[in-house]
Structures are given as structure tokens and as C-alpha cells.
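Analysis of the macromolecular model
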Amino acid sequence: MLNTDPESDFHLGRLIKEELVRQKRTVSWLAESICCARQNCYSIFERQYIDTDLLKRISKILHHNCFNELAAHMESVIKD
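Here the structure is a predicted model, which means the values were calculated and not measured.

Along the chain, the position of His11 falls in the loop between helix 1 (6-9) and helix 2 (12-22). Exposure remark for His11: the relative accessible area of 16% places this residue in the buried category. Residues His11 and Leu70 lie 59 residues apart in sequence; the distance between their C-alpha atoms is 9.1 Å. The residues touching His11, leaving out its near neighbours within four places in the chain, are Phe45, Glu46, Arg47 and Gln48. Reaching out from His11, the side chain makes a polar contact with the backbone nitrogen of Arg14 at a distance of 2.9 Å. Polar side-chain contacts of His11 include one of 3.2 Å to the backbone oxygen of Glu46.

If you walk through the whole model with that rule in mind, you get two aromatic pairs. Note on Phe10 and Tyr49: the rings are 6.0 Å apart at their centroids and 35° apart in plane angle, and the pair reads as tilted. One end of the pair, Phe10, is in the loop between helix 1 and helix 2; the other, Tyr49, is in the loop between helix 4 (38-46) and helix 5 (52-62), with 39 residues separating them in the sequence. Classification of Tyr49 by relative accessible area gives partly exposed; the value is 37%. Measuring from centroid to centroid gives 6.1 Å for Tyr42 and Phe45, while their planes differ by 90°, and the two rings are edge-to-face. Of this pair, Tyr42 and Phe45 both sit in helix 4, three residues apart, which is roughly one turn of the helix. For Tyr42, a relative accessible area of 34% corresponds to the partly exposed category.

Let's shift gears to helix 6 (residues 66-79). With 14 residues, helix 6 ought to run about 20 Å at 1.5 Å a step, and its terminal C-alpha atoms sit 21 Å apart, in line with that. N-capping of helix 6 is provided by Asn65, with a side-chain oxygen placed 2.9 Å from the backbone N of Phe67.

A few words on the confidence of the model for the protein. Per-residue confidence for the protein averages 90 on the pLDDT scale, and 90% of its residues sit at or above 70. Summarising per-element confidence for the protein, the mean pLDDT is lowest in helix 1 (62) and highest in helix 3 (residues 27-33) (98).

Scoring rules and cut-offs
- Residues numbered from 1 in each chain as written.
- Predicted model: local features only at pLDDT ≥ 70, side-chain atom pairs only at ≥ 80, totals over all residues.
- Heavy atoms only, no water.
- Helix = DSSP H or I, 4+ residues; strand = E, 2+ residues; numbered from the N terminus.
- Buried < 20%, exposed > 50% of the residue type's maximum accessible area, 1.4 Å probe, protein only.
- Contact = heavy atoms within 4.5 Å.
- Polar contact = N/O pair within 3.5 Å; in protein donor to acceptor, adjacent residues only side chain to side chain.
- Phe/Tyr/Trp six-rings, centres within 6.5 Å; stacked < 30°, edge-to-face > 60°.
- Expected span 1.5 Å × (residues − 1).
- pLDDT = per-residue confidence, 0-100.

Right under this line is the structure:
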């Protein structure tokens, strides 16, 4: 059965990983920047949703407002 739930398509962890790759940054760099173990970063990439304080820290470090993607996603969910 095909899942057509728009919420299931949204994944903050994947977006963070894609931005990290786009910037040609390493997982080790991200881990050091947010003061956590590298394995924790891999855990973040697996999460569909992330604590807003952590998302704020990652956004700041990447110089990329991840909240924009979240807001755009919420707009599409609200319209449905």
C-alpha cells in the first residue's frame, strides 16, 4: 500500500545530512561543532523530527535555516 501521508515524506535528519554533504562537510566536523560524539550525528540523520534547540544549533553551525524547510512542510500539511 502506497503511503500518501505528507508527514511521512518529511525528514529533518535527512535534510541535515543533505545540507552537510552539499557543504562538503564531514560528520566529524558536525560532531565537533555541536559538541557530541560522531555516532550521535548518525543518530540525528535517522530522526524524522528533532528537538528545536538542537535544530537551532545545527542551523547556526551550518549557516542554513532548517526551520524554513519545517515551516514549508507545515504549510503543506495545514493546507491538506
